[in-house]
Number of protein chains: 2
Amino acid sequence: MRFQSHRRLLTVVLFLTCCAYQLHAADPLPSWNESAAKQNIIQFVEKVTSRDSPDYVPPELRIATFDNDGTLWTEKPQYFQVFFAIDRVKALAPQHPEWKTEEPFASVLRGDYKTAFAGGEAAVLKMVIATHSGMTTTEFEKIVNEWSKTARHPKTGRLFTQMVYQPMLELLAYMRANGFKTFIVSGGGIEFMRPWTERVYGIPPQQVVGSSVKTKFEMREDGPVLIRLPEINFIDDKAGKPVGINSHIGLRPIAAFGNSDGDIQMLEWATGTSGARFALLVHHTDAKREYAYNVGAVQALKDASEKGWTVVNMKDDWKVIYPPLKK
Amino acid sequence: MRFQSHRRLLTVVLFLTCCAYQLHAADPLPSWNESAAKQNIIQFVEKVTSRDSPDYVPPELRIATFDNDGTLWTEKPQYFQVFFAIDRVKALAPQHPEWKTEEPFASVLRGDYKTAFAGGEAAVLKMVIATHSGMTTTEFEKIVNEWSKTARHPKTGRLFTQMVYQPMLELLAYMRANGFKTFIVSGGGIEFMRPWTERVYGIPPQQVVGSSVKTKFEMREDGPVLIRLPEINFIDDKAGKPVGINSHIGLRPIAAFGNSDGDIQMLEWATGTSGARFALLVHHTDAKREYAYNVGAVQALKDASEKGWTVVNMKDDWKVIYPPLKK
């Protein structure tokens, strides 16, 4: 009996030792190369989560905000929401005979996107407003949900929701495992993202901040609805990002992740105060596996180097770009 | 040895039985009398949380929204935020000599609130805008935080934050213990509530929805700030409540709690769809321990009786109104 007890104790000790070793050995960011970006992330997380660290931050204040387009998923050759709008123009064309002669719809319907978007942001906005309003929020959610499960990227043939960055999925999970609340803060439409962010990123609807149209409450015979109106409510970009963060979260992030000039103010807002803070910029440097460009990020990259923000060089810092496809 | 093992086993069994009994016996709502309101609440919660119930709702969809004024804390003789605005007028008066002759400020400074608020909502709004803007969000948070720890109710002498309803505190905790996320959805200022809702209700800033002024991001020499502008951004009342809920939460609540006509649309939004839903109205019937009034709730009480919403009769359903004061 005494011997058996000892043997049992030994088994328990061995088991615990083994667990502790595995916990220590497991790499939370296996798709990241062992470069400065990865080290900076881990150092920051350890610094704010170690109880005996002077930079310790209690869990309720561990807020991390992530841009979406170009930070969590690809944004080329167009923002994916523009592909969605194009698909909606095609689907809705039979109900809009006037679109045959009205730009940018006429060119979109001819497949001539170059002409369609020669009108710049105004043309895109016109198309987005026309295709994103006039229905209830429930109807819109259903449309987005179906699109997110079927629409594919023109270059890779993947679903757009499979064009997310594997290293960033690991980063999101790693931060949540360390008590962070992860939020999306994107210039994209808040209701364009919410139907799939939990499934794809593990981020629930209430942790998604984005641009929006106005909505209106209406009592119908079969129950109340919210109608999406053809009017911009809020643009969650540039100086709008700290405004959106304050409105939705009410706490200042201690870590922020972006990739473009549209994220500068969010990164300033996260870092421009006392205490341990972290900012990271994804730099698109991988023409072979993704895209390589500085356009729209020149100022952000300049700020990063001046202010000590961590820059991810996609080509060198990431072992893989996209998650493996399930068979 | 064998005997000892048995005895140990017996101890463990007794201990577990005891725990199970206590778990079952512990009343999660001890300040509620054993009336229909309490039974309805418990029945609803058990129905949506029992895995083998046809009405089971997974935890991520267990969203409950609570009005604040008159639902979680007292709203008489004035909304408490009006007391805050009055205190701010007094504090800011030296910087505003023009207030000596300008209404409603002049009357407020003379202590003549009857004349001050003869101008109705417009007068209150003017005072709120004047006292709630012009500073940074951080400065405002500090002002509210200090006020919330010192300002007292004129009738009871309690801190305003001690004028919360003990039965509702128990209800919030009970719902959270059953996997619900509890949100405040109030006509009150979102940044007037956030500094103290976690401390008082256990509700963190990101789960507070309310009315707001516009804010503006600005880079200052000592870092970025958000300035509160003298312009209404959103009124979270009546038909605005479902809009605010959709914007902030992105999920439809399955339970909603209010007390006035300003909450009707929120209760409609929560209940007006399929599946198990719950709506509750706090009816102020206790002139002795709190206040008794129907004003501002006549339509809501009519709807409640027609639609089967649960009505709390404060006088009969609640054993106590306010939490005991700590000595």
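Residue positions are given per chain, counted from 1 along the sequence in the order it is written. Each chain takes a letter, starting from A, and each ligand takes a number, starting from 1, following the order in which they are written. Whole-chain, interface and lining totals are the exception, using all residues; otherwise, since this is a predicted model, local features are given only for residues with pLDDT of at least 70 and side-chain atom pairs are given and counted only at 80 or more. Based on all heavy atoms of the structure, the side-chain values leave hydrogens and waters out of the count.

**Q** Just checking my understanding: could you explain the packing of aromatic side chains for this structure?
**A** Two numbers describe a pair of aromatic rings. These are the distance of the centres and the angle of the planes. Centre distance within 6.5 Å is the pairing criterion for rings of Phe, Tyr and Trp, where only the six-membered ring of Trp is used; planes under 30 degrees apart are then read as stacked, over 60 as edge-to-face, and the remainder as tilted. Taken as a whole and judged by the stated rule, the model has 44 aromatic pairs over all chains. Geometrically, the ring pair formed by B:Phe84 and B:Phe192 is tilted, given 5.2 Å between the ring centres and 45° between the ring planes. Separated by 108 residues along the polypeptide, B:Phe84 in helix α3 (residues 80–92) and B:Phe192 in helix α9 (residues 190–201) bring together distant segments of the chain. Across the pair, exposure class does not vary: B:Phe84 and B:Phe192 are buried alike. Burial classes follow relative accessibility: with a 1.4 Å probe on protein chains only, a residue under 20% of its type's maximum area counts as buried, one over 50% as exposed, and anything between as partly exposed. With a relative accessible area of 3%, B:Phe192 lands in the buried category. Three or more aromatic residues link up through ring pairs in this structure, and these residues are A:Trp73, A:Phe80, A:Phe83, A:Phe84, A:Phe140, A:Trp147, A:Phe160, A:Phe192, A:Trp196 and A:Tyr201. Here, a charge over a ring means that NZ of Lys or CZ of Arg falls within 6 Å of the ring centre while also lying within 35 degrees of the ring normal. Directly above the aromatic system of A:Tyr291 lies the positively charged group of A:Lys155, at a separation of 4.1 Å from the ring centroid. The ring of A:Phe140 carries A:Arg228 above its face, with NZ or CZ at 3.9 Å from the centroid. Numbering of helices and strands runs from the N terminus; a helix is a DSSP stretch of H or I covering at least four residues, while a strand is a stretch of E covering at least two.

**Q** Is there a simple way to explain the pattern of salt bridges in this structure?
**A** Any two side chains of opposite charge can pair, given that their charged atoms come close. Residues and elements named next belong to chain B. Salt bridges, as used here, are contacts in which a Lys or Arg side-chain nitrogen is within 4 Å of a carboxyl oxygen on Asp or Glu. In the structure shown here, the tally under the stated rule is 22 salt bridges over all chains. A salt bridge links Arg228 to Glu191; its shortest N-O distance comes to 2.6 Å. Here Arg228 is found in strand β4 (residues 223–234), whereas its partner Glu191 is found in helix α9, with 37 residues between them in sequence. You can call Arg228 buried: its relative accessible area is 6%. In this structure, Asp237 and Lys238 form a salt bridge, with 3.8 Å as the shortest nitrogen-oxygen distance. The partly exposed category is assigned to Asp237, whose relative accessible area is 29%.

**Q** Can you help me understand the relation of the copies chain A and chain B in this one?
**A** Taken together, a rotation about one axis and a shift along it account for how the two chain copies relate. When the copies are superposed, the least-squares fit takes in the C-alpha atoms of residues with a pLDDT of at least 70 in both. For these two chains of identical sequence, chain A goes onto chain B by a turn of 180° and a shift of 0.0 Å along the axis, with RMSD 0.0 Å. On the angle and the small slide along the axis, the relation comes out as a two-fold axis. If distances are taken from each C-alpha of chain A to the rotation axis, the shortest is found for A:His248, at 3.1 Å.

**Q** When you look at unusual backbone geometry in this model, what are you seeing that I'm missing?
**A** Cis peptide bonds are those with omega within 30 degrees of zero, and the linkage from A:Lys76 to A:Pro77 qualifies with 0°. Following B:Glu103, the chain continues into B:Pro104 via a peptide bond in cis, with omega recorded as 0°. The topology assignment puts B:Pro104 in the loop between α3 and α4 (105–110). With a phi close to 50°, A:Lys238 is a non-glycine residue in the positive phi region. Looking at the secondary structure, you find A:Lys238 in the loop between β4 (223–234) and α10 (240–248).

**Q** In this structure, what is going on with the environment of A:His284? I would like to understand it.
**A** Residue and element names in this part refer to chain A. Tracing the chain through its elements places His284 in the loop between β6 (278–283) and α12 (298–307). On the accessibility criterion, His284 (2% relative accessible area) is buried. Sequence separation of His284 and Gly70 is 214 residues, and the distance between their C-alpha atoms is 8.1 Å. What His284 contacts, discounting residues up to four positions off in sequence, is Gly70, Glu75, Tyr165, Asn259, Glu290, Tyr291, Ala292, Tyr293 and Met314. At 2.8 Å, the side chain of His284 forms a polar contact with the backbone oxygen of Gly70. Polar contact is defined as a pair of N or O atoms within 3.5 Å, subject to the rule that within protein one atom must be able to donate a hydrogen and the other to accept it, and that residues adjacent in sequence are counted only when both atoms are side-chain atoms. Only 2.8 Å separates the side chain of His284 from the side chain of Glu290, close enough to count as a polar contact. The contact rule is simple, with two residues in contact once any of their heavy atoms fall within 4.5 Å.

**Q** Help me out: how do you make sense of the interface of chain A and chain B in this one?
**A** Often the size quoted for an interface is simply the accessible area lost on bringing the parts together. In this complex, chain A contributes 30 residues to the contact, which on the side of chain B involves 31 residues. Accessible-area loss on putting two parts together, using a 1.4 Å probe and summing over both, is the definition of buried area adopted here. For the chain A and chain B pair, buried surface summed over both sides reaches about 2,600 Å², with 59% attributable to carbon and sulfur atoms. At the junction of chain A with chain B, the criterion picks out eight residue pairs in polar contact (both at pLDDT 80 or more). A breakdown of the residues in the side of chain A that touches chain B according to their chemical character gives 15 nonpolar, 10 polar and five charged. Put simply, Ala, Val, Leu, Ile, Met, Phe, Trp, Tyr, Cys and Pro go in the nonpolar bin, Asp, Glu, Lys and Arg in the charged bin, and everything else, Gly too, in the polar bin.

**Q** What is the right way to read the sheet that holds strand β2 (residues 181–189) of chain A from this model?
**A** All names here are of chain A. With mixed pairing, the seven strands of this open sheet are ordered in space as β4-β3-β2-β1-β5-β6-β7. The sheet is open, and its two edges are formed by β4 and β7 (310–313), each paired on a single side. The sheet shows a mean angle of 30° between the axes of neighbouring strands, direction not considered. Strand pairing is defined by DSSP finding a minimum of two bridges between the two strands. When β6 meets β7, the two strands line up parallel, connected through four bridges. Convention adopted: a line fitted to C-alpha atoms gives each axis, helices being fitted over their contacting stretch, and angles between N-to-C directions are expressed from 0 to 180 degrees.

**Q** Looking at this model, I keep getting lost on a nonpolar patch on the surface. Mind explaining?
**A** Residues and elements named next belong to chain A. Surface patches are drawn from residues lacking salt bridges whose relative accessible area is over 30%; two like charges belong together within 9 Å, two nonpolar side chains (Val, Leu, Ile, Met, Phe, Trp, Tyr) within 5 Å. Residue burial considers only the protein chains on display, and all accessible areas are found by Shrake-Rupley using a 1.4 Å probe. Taken together, the side chains of Leu125, Ile232 and Ile235 define a hydrophobic patch exposed on the protein surface, amounting to about 240 Å² of accessible area. With respect to the helices and strands, the residue Ile235 is situated in the loop between β4 and α10. Assessed through its relative accessible area of 45%, Ile235 is described here as partly exposed.

**Q** Could you clarify how one ought to interpret the sheet that holds strand β2 (residues 181–189) of chain B in this entry?
**A** Within a sheet, neighbouring strands are paired by backbone hydrogen bonds and run either parallel or antiparallel to one another. Residue and element names in this part refer to chain B. Reading across from one edge, β4-β3-β2-β1-β5-β6-β7 is the order of the seven strands in this open sheet, with mixed pairing throughout. Whereas interior strands pair on both sides, the edge strands pair on one side only; in this sheet they are β4 and β7 (310–313). On average, each strand axis in the sheet is tilted by 30° relative to the strand beside it, whichever way the strands run. The pairing of strand β3 (residues 208–220) with β4 spans eight bridges and is antiparallel. Each bridged residue has a counterpart across the sheet, and for Ser212 the counterpart in β4 is Phe234. Against the sheet, helix α8 (residues 166–177) touches β1 (63–66), β2 and β5 (255–258), its axis set at about 165° to β1.

Just distances and angles here, no functional claims.
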